[in-house]
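# Reading the structure
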Amino acid sequence: MSNKLGLVLEGGGMRAIYVAGVLDVFMENNLIFDGVVGISAGAIHGSNFVAGQKGRTIRYYKKYCTDKRMIGIRNLILTGSIVNNKFFYHDLPDRLDPFDYETYQNSETDFYAGATNLETGKCEYIHIKDMKADIDALRASSSLPYVSRIVEFKGMKLLDGAFSDSIPVNAFRQMGYNKNVVVLTQHDGYVKGPENAKKARKKYKKYPNFVASIVHRHEVYNQTLADIRQYQVEGDVFALYPSVPLDLPLIGSTPEELQRVYEIGVKDTRERMDALKAWMAEVRAE
């Protein structure tokens, strides 16, 4: 039986620029996957990977990270979302730093973005075949609770996928991707603490299942890390962790801070590339 090789990308706001560094090295080495699933910022960076646009993520993040049109309290006050959706999901990919929709569309790699369904509290793994038509699925995946408006997409009410499944390796396994490269944005040994349950219940009292997903998020996250460690032992996962704690906030980083974390991703990946290629070759040969 042939293996399906997946790529699983954690988010983490600005911290996930580490993922962009990892993926640019993947592109340098022409690594190909059958499917990619990204959560939150991991989905944004993963879409650039599927489109084959090496360097695009770090370029526009550094250029616009301090631009009030992209992210900031002003946007939150005026629009209800801290990210300016028109700027980030339309002006930027369509005009300012064009996204390669054609290459993405023609890619043989299936791409999924994970977003949390507020009514069920479960993660929806949305297969995005047409990035321009379904850009709201990508937007939903990265819409942080408390500072983003709820995204309505195909009858669903959605917010950031990290609050139901931060690292969707188990979901991808269930979808048939039995071998996975997993890129994380927390260092090896990290343990997530609980969320603010009182805050969640106050803000999202209309969505008790979503509140439950927030309250139990740390339990799911830490169990997933334990699963990943076991999958590595079994040979089903190759995991890339930051070699050091990244120490970046969810929002509000400078171009210099982003470049520093991006370069950690590049360095970590180049150091492990031979081992990764050997693992992938073995997977493909099975």
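Look above for the structure.
The notes below deal with the structure included here. (Residues numbered from 1 in each chain as written. Predicted model: local features only at pLDDT ≥ 70, side-chain atom pairs only at ≥ 80, totals over all residues. Heavy atoms only, no water.)

### A few points about the packing of aromatic side chains
Our working rule: Each pair of aromatic rings taken from Phe, Tyr and Trp, with Trp reduced to its six-membered ring, is defined by centres within 6.5 Å and is described as stacked if the planes are under 30 degrees apart, edge-to-face if over 60, and tilted in the remaining cases. Burial classification: accessible surface area is computed with a 1.4 Å probe over protein chains only, and a residue below 20% of its type maximum counts as buried, one above 50% as exposed, and the rest as partly exposed. Should the NZ of a Lys or the CZ of an Arg lie within 6 Å of a ring centre and within 35 degrees of the ring normal, that charge is described as sitting over the ring.
For the structure shown, the criterion picks out 17 aromatic pairs. With centroids separated by 5.2 Å and ring planes inclined at 35°, the aromatic side chains of Tyr 60 and Tyr 61 adopt a geometry described as tilted. The same class applies to Tyr 60 and to Tyr 61, which are both buried. The ring of Tyr 221 is capped by Lys 192, whose NZ or CZ atom sits 4.9 Å from the centre of that ring. A cation over a ring is seen here: Lys 199 above Tyr 146, with NZ or CZ 4.2 Å from the ring centre.

### Digging into empty space enclosed by the protein
Cut-off, in case you're wondering: Using protein atoms alone on a 1 Å grid, points that fit a 1.4 Å probe yet trap it form a cavity, whereas open point sets bounded by protein on both sides within 12 Å along at least five of seven lines form a pocket; residues with an atom within 4 Å of a point count as lining. Grid points are joined across faces, edges and corners, and a volume is the space filled by probe spheres set on the points. Helix numbers and strand numbers start at the N terminus; a helix is a DSSP run of H or I with at least 4 residues, a strand a run of E with at least 2. Residues are sorted three ways: Asp, Glu, Lys and Arg are charged, Ala, Val, Leu, Ile, Met, Phe, Trp, Tyr, Cys and Pro are nonpolar, and all the rest, Gly among them, are polar.
According to the stated counting rule, one finds three cavities of 30 Å³ or more in the structure shown. In this model, the largest cavity occupies a volume close to 140 Å³. Those elements that place two or more of their residues in the lining of the largest cavity are α2 (41-50), α3 (56-64), α5 (85-96) and α7 (135-141). Taken together, the residues of the lining of the largest cavity break down into eleven nonpolar, two polar and one charged. In this structure, the second largest cavity occupies an estimated 60 Å³ of space.

### Notes on the pairing of strand β6 (residues 156-160)
Put simply, the rule reads: One requirement defines pairing of two strands: DSSP has to find at least two bridges between them.
Most of β6 sits out of view: four of its five residues are buried. Note: strand β3 (residues 110-117) against β6, three bridges, orientation antiparallel. Counted as the bridge partner of Thr 116 is Leu 159 from β6. In this structure, the hairpin formed by strand β5 (residues 151-153) and β6 is closed by a connection of two residues, where Lys 154 is found at a positive phi of approximately 50°.

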